[in-house]
Amino acid sequence: MSESTKSPFVTKVLLRQSIGSIRLIIALFVVSSAIIKLLYDHFLPGLIDFDKLRWTIIGLGIVFYMATFIRTKRSAIISYFGFFLYLLTLLYVISFVVINKFNPNAVTILILILGASTVIINNLFYYGIQSLVILVVSFFAYLNSNLGNENIIAFFNLGIAIGVFVVLIVVRLKFISSVKNSHANLEKLNVLSVVANKTGEIIFISPSVHRLLGYEPKELIKDGWWKLRNLHDGWISRDYILNYPNILPKKPCQWKRKSRLKMEGRCG
């Protein structure tokens, strides 16, 4: 099952991430990577590591964080830079695990990376390729290594974790697909859907608004809805959205559209 959805609801609401959330993820990645590196060097000096590569990845994480403040083509920068950084991190951690012959502490880092990827990757095919590469590399490394009992257990724990994460991502993608289908059915019923964020800005309006009210969805996004008197004089208001459920809505108004810019109605 592939998460290849073009539904405005799914792409703009369900999977919508603010730039603040992205910065938080990057900051956590950089800080946790640096702390883990320092702790491993101090408490586990026997582990073989690629020090220059590890600190290079941490440095790129800092650059990536700063790049999120650049507004020009920010979405493209975040997408490509994020993919490159994730791929480099994954290859580094796989090498780190193999060279240390599946040391349980090294395997733990790879399992954490795989867990994080279930959120980053929204396509089961690509996640499957990633998992297959890890399993193939690990299997050949396992055959050519003389592992102790702890390392063997860590190897099988890695395989179990991959299986568990595959199940989790399948469940998540099925949920997203069900929401997409529900939204498609809602559109067939010719029902108007409006979603606002916590600041009262409209972040999603169903395409049915064109058939029902005569406006294009892009005209009503953010403050567009509130700038049109014909719309904000209805039963819903910005105050109602911001203070829900502490404010009761007014009695619904019955609107009749005469034209795109003119609507008549009565309340009560």
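For the structure given in this document, a descriptive report is provided here. Everything quoted here is computed from the prediction, not taken from an experiment.

### Looking at the overall build of the chain
Argument step 1. Looking only at helices and strands, the chain features 12 helices and four strands.
Argument step 2. Counting only residues that meet the buried cut, the chain has 33% of its 268 residues in that class.
Argument step 3. Partitioning the contacts of the chain with sequence separation of at least 6, the portion at a separation of at least 24 is 54%.
Argument step 4. Surface exposure of the chain reaches about 16500 Å², of which carbon and sulfur atoms provide 65%.

### A closer look at the packing of aromatic side chains
Geometrically, a pair of aromatic rings is defined through the distance of the ring centres and the angle of the planes.
Argument step 1. Here the structure, examined in full by the defined rule, presents 10 aromatic pairs.
Argument step 2. Ring geometry for F102 and F155: centres 5.2 Å apart, planes at 85°, overall edge-to-face. With a gap of 53 residues between them, F102 in the loop between α4 (74-99) and α5 (104-120) and F155 in helix α7 (residues 149-188) connect regions that are remote in the sequence.
Argument step 3. Pairing F155 with F156 gives two aromatic rings, centres 5.3 Å apart and planes at 75°, and the pair type is edge-to-face.
Argument step 4. Put simply, the rings of F102, Y142, F155 and F156 pair up and form one aromatic cluster.
Argument step 5. A cation over a ring is seen here: R23 above F69, with NZ or CZ 3.9 Å from the ring centre.

### Quick look at unusual backbone geometry
Argument step 1. The phi dihedral of K73 is positive, around 55°, even though this residue is not glycine.
Argument step 2. For K73, a relative accessible area of 65% puts it in the exposed group.

### Points about a nonpolar patch on the surface
Argument step 1. Judged by side-chain polarity, F125, Y126, I129, V133 and V137 come together as a nonpolar surface patch covering roughly 470 Å² of accessible area.
Argument step 2. Mapped onto the elements of the fold, V137 is located in helix α6 (residues 124-143).
Argument step 3. Accessibility expressed as a relative area gives 33% for V137, which makes it partly exposed.

### Brief notes about the nonpolar core
Argument step 1. Membership of the largest hydrophobic core comes to 40 residues, with the highest contact counts inside it found for F102, L110, L114, I134 and L158.
Argument step 2. Here this core gets 10 residues from one element, more than from any other, and that element is α4.
Argument step 3. In this structure, V209, Y215, L220 and W225 belong to the second largest nonpolar core, which totals eight residues.

### Quick look at helix α2 (residues 19-43)
Argument step 1. A rise of 1.5 Å per residue sets the reference length of α2, with its 25 residues, at 36 Å; its end C-alpha atoms lie 36 Å apart and thus fit the reference within 8%.
Argument step 2. Every buried residue belonging to α2 is among R23, I26, V30, S33, A34, K37 and Y40, and all of these are buried.
Argument step 3. Those residues of α2 that are buried lie in contact with α3 (51-67), α4 and α5.

### Comments concerning the environment of V195
Argument step 1. Residue placement: V195 occurs in strand β1 (residues 194-196).
Argument step 2. Look at V195 and you get partly exposed, because its relative accessible area is 21%.

### Some words on the packing of α4 against α5
Argument step 1. Orientation of α4 relative to α5, taken along the N-to-C sense of each, is 155°, at an axis distance of 9 Å. As far as their axial angle goes, α5 and α4 are roughly antiparallel. Judged by the twist between their axes, the crossing of α4 over α5 is left-handed. Touching Y86, T89, L90, V93, I94, F96 and V97 of α4 are A106, V107, I109, L110, I113, S117 and I120, all from α5.
Argument step 2. Grouping the amino acids of the contact of α4 with α5 by side-chain chemistry returns 12 nonpolar, two polar and no charged.

Rules used in this analysis
- Residues numbered from 1 in each chain as written.
- Predicted model: local features only at pLDDT ≥ 70, side-chain atom pairs only at ≥ 80, totals over all residues.
- Heavy atoms only, no water.
- Helix = DSSP H or I, 4+ residues; strand = E, 2+ residues; numbered from the N terminus.
- Buried < 20%, exposed > 50% of the residue type's maximum accessible area, 1.4 Å probe, protein only.
- Contact = heavy atoms within 4.5 Å.
- Areas by Shrake-Rupley, 256 points an atom, 1.4 Å probe, with all protein chains shown as cover.
- Phe/Tyr/Trp six-rings, centres within 6.5 Å; stacked < 30°, edge-to-face > 60°.
- Lys NZ or Arg CZ within 6 Å of the ring centre and 35° of its normal.
- Patch = residues over 30% accessible without salt bridge, like charges linked within 9 Å, V, L, I, M, F, W, Y side chains within 5 Å.
- Salt bridge = Lys/Arg side-chain N within 4 Å of Asp/Glu carboxyl O.
- Core = buried A, V, L, I, M, F, W, Y, C linked by side-chain atoms within 4.5 Å.
- Expected span 1.5 Å × (residues − 1).
- Axes fitted to C-alpha atoms, helices over the stretch in contact; angles between N-to-C directions.
- Parallel < 35°, antiparallel > 145°, perpendicular 65-115°, else oblique.
- Left-handed = near helix turned anticlockwise from the far one by under 90°.
- Nonpolar A, V, L, I, M, F, W, Y, C, P; charged D, E, K, R; others polar.

Worth remembering: the numbers are spatial, not functional.
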